[in-house]
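Residues per chain, in single letters:
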Amino acid sequence: MTDPQLPAVMNERRQLINLAYRLLGSLAEAEDVVQETYARWYALSERQRREIAAPGAWLTTVASRICLDLLGSARARRERYVGEWIPEPVPGRGDWLGGPVSADPADRVTLDESISMAFLVVLDSMTPAERVAFVLHDVFRYSFAEVADIVGRTPAACRQLASSARRRIDTSRAPSSTERADIVRDFKRAWETRDIEALIGLLDPRAIATADSGGLVLAFLDPIVGRDRIADAWMEIAARGGPTTLVERTVNGQPGLVAEVDGAVVSVYAFDIADGRITRIWVIRNPDKLRPWTAG
């Protein structure tokens, strides 16, 4: 198939993946959305494609609408999920998309707060329309008129949706990357040496630990609340022994940990930190969500 717009169209892939991942919290689903978006592009006749003045805008609109439909059915799918559902973690920049790292400002996966696990978890609590309006406007800087065309609402309604979503985002007390890395490194050291007092000292009194196994591997099903209970649980994990190696890695753009057995990643740990203490720990053990970490 000869398509003079092919280079411009294919150059949108990274942007579409970035958008769909933020909207869905799943790299696997984001890739499916992009594939479906391109399928719809090539389902058009050559004449129809030539008449589209801005292929990138067309692709973004289609991908966003597909994501909106998927988000509408996600709640029912989550009800059948075994245990807690956590967004799919992604490794450092460029690792999971493959190929050379782009200097394009739009390629911000793992580079800003809009990809952090804490941010994605808050996004997951929003309504589908709130999430799409907020991500398109606040993260990707689309105008409310453009957002309105995508979500089928008025610009004023989209402004309200984004405003409602924005109120849920806590941007205060954000520590520096260096501070985050130091705290995660101290957590790793305390866990490896089974220093429960040091572990407790790194945790906020109201800290919460959540695990996602999808029912496929061993993990605690209900969130663990409170630093003492979390420290006890992590000591139990350490006591099981086994050939597990903890490695410091970038998880969704922030310092995190991965657990490896014989070189294979079996768990990914993401953290939220405020006022020098760990407030949230997310443990992703579902093998289906670890594919980007084991693909090479």
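See the structure above.
In what follows, the accompanying structure is described.

Definitions and cut-offs
- Residues numbered from 1 in each chain as written.
- Predicted model: local features only at pLDDT ≥ 70, side-chain atom pairs only at ≥ 80, totals over all residues.
- Heavy atoms only, no water.
- Helix = DSSP H or I, 4+ residues; strand = E, 2+ residues; numbered from the N terminus.
- Buried < 20%, exposed > 50% of the residue type's maximum accessible area, 1.4 Å probe, protein only.
- Contact = heavy atoms within 4.5 Å.
- Axes fitted to C-alpha atoms, helices over the stretch in contact; angles between N-to-C directions.
- Parallel < 35°, antiparallel > 145°, perpendicular 65-115°, else oblique.
- Nonpolar A, V, L, I, M, F, W, Y, C, P; charged D, E, K, R; others polar.
- Pairing = 2+ DSSP bridges.
- Phe/Tyr/Trp six-rings, centres within 6.5 Å; stacked < 30°, edge-to-face > 60°.
- Patch = residues over 30% accessible without salt bridge, like charges linked within 9 Å, V, L, I, M, F, W, Y side chains within 5 Å.
- Areas by Shrake-Rupley, 256 points an atom, 1.4 Å probe, with all protein chains shown as cover.
- Salt bridge = Lys/Arg side-chain N within 4 Å of Asp/Glu carboxyl O.
- Lys, Arg positive; Asp, Glu negative; His and termini not counted.
- Charge placed at Lys NZ, Arg CZ, Asp CG, Glu CD.
- Left-handed = near helix turned anticlockwise from the far one by under 90°.

### Remarks on the overall build of the protein
Helix and strand content of the protein: 13 helices and six strands. Per-residue burial over the protein gives 47% buried out of 296 residues. Expressed as a percentage of contacts within the protein between residues at least 6 apart in sequence, the contacts between residues at least 24 apart total 65%.

### Let's talk about the environment of G56
With respect to the secondary-structure elements, G56 resides in helix 5 (residues 55–79). C-alpha separation for the pair G56 and Q15, spaced 41 residues apart in sequence, amounts to 9.2 Å.

### Topic: the packing of helix 10 (residues 177–192) against helix 12 (residues 227–239)
Contact pair helix 10 / helix 12: the axes reach a minimum separation of 9 Å and the direction vectors enclose 55°. When the interaxial angle is binned, helix 10 and helix 12 end up oblique. For the pair helix 10 and helix 12, contact is made by F187, A190 and W191 and by W234, M235, I237 and A238, respectively. Considering only residue class, the contact of helix 10 with helix 12 consists of seven nonpolar, no polar and no charged.

### Focus: the pairing of strand 6 (residues 277–284)
The element strand 6 is largely enclosed, with a buried count of six among its eight residues. Note: strand 5 (residues 264–274) against strand 6, seven bridges, orientation antiparallel. From the neighbouring strand, F271 faces strand 6, where its bridge partner is I281. A loop of two residues connects strand 5 with strand 6, the two strands running antiparallel in sequence, and D275 in this loop sits at a positive phi of about 50°.

### A word on the packing of aromatic side chains
Inspection of every chain in the model, using the stated rule, returns nine aromatic pairs. Taken together, the ring pairs in this structure connect F187, W191, F220, W234, Y269 and F271 into an aromatic cluster.

### Some remarks on a negative patch on the surface
On the surface, a cluster of negative charge is made up of D195, E197, D228, D232 and E236. For the negative patch, the element with the highest residue contribution is helix 12, accounting for three residues. If you trace the backbone, E197 turns up in helix 11 (residues 196–202). Look at E197 and you get exposed, because its relative accessible area is 59%.

### Section: the pairing of strand 3 (residues 244–251)
Pairing between strand 3 and strand 4 (residues 254–261): eight bridges, direction antiparallel. Counterpart to L246 in the pairing with strand 4 is A259. Counting the residues in the hairpin turn of strand 3 and strand 4 gives two residues, including N252, whose phi is positive at 50°.

### Quick look at the packing of helix 2 (residues 13–24) against helix 3 (residues 27–43)
At their nearest, the axes of helix 2 and helix 3 sit 8 Å apart, and the two run at 130° to each other. Considering the angle they form, helix 2 stands oblique to helix 3. Note on packing geometry: the crossing formed by helix 2 with helix 3 is right-handed. Contacts between helix 2 and helix 3 involve R13, L16, I17, A20, Y21 and L24 from the first element and L27, E29, A30, E31, V33, V34, T37 and Y38 from the second. Split into classes, the residues belonging to the contact of helix 2 with helix 3 amount to 10 nonpolar, one polar and three charged.

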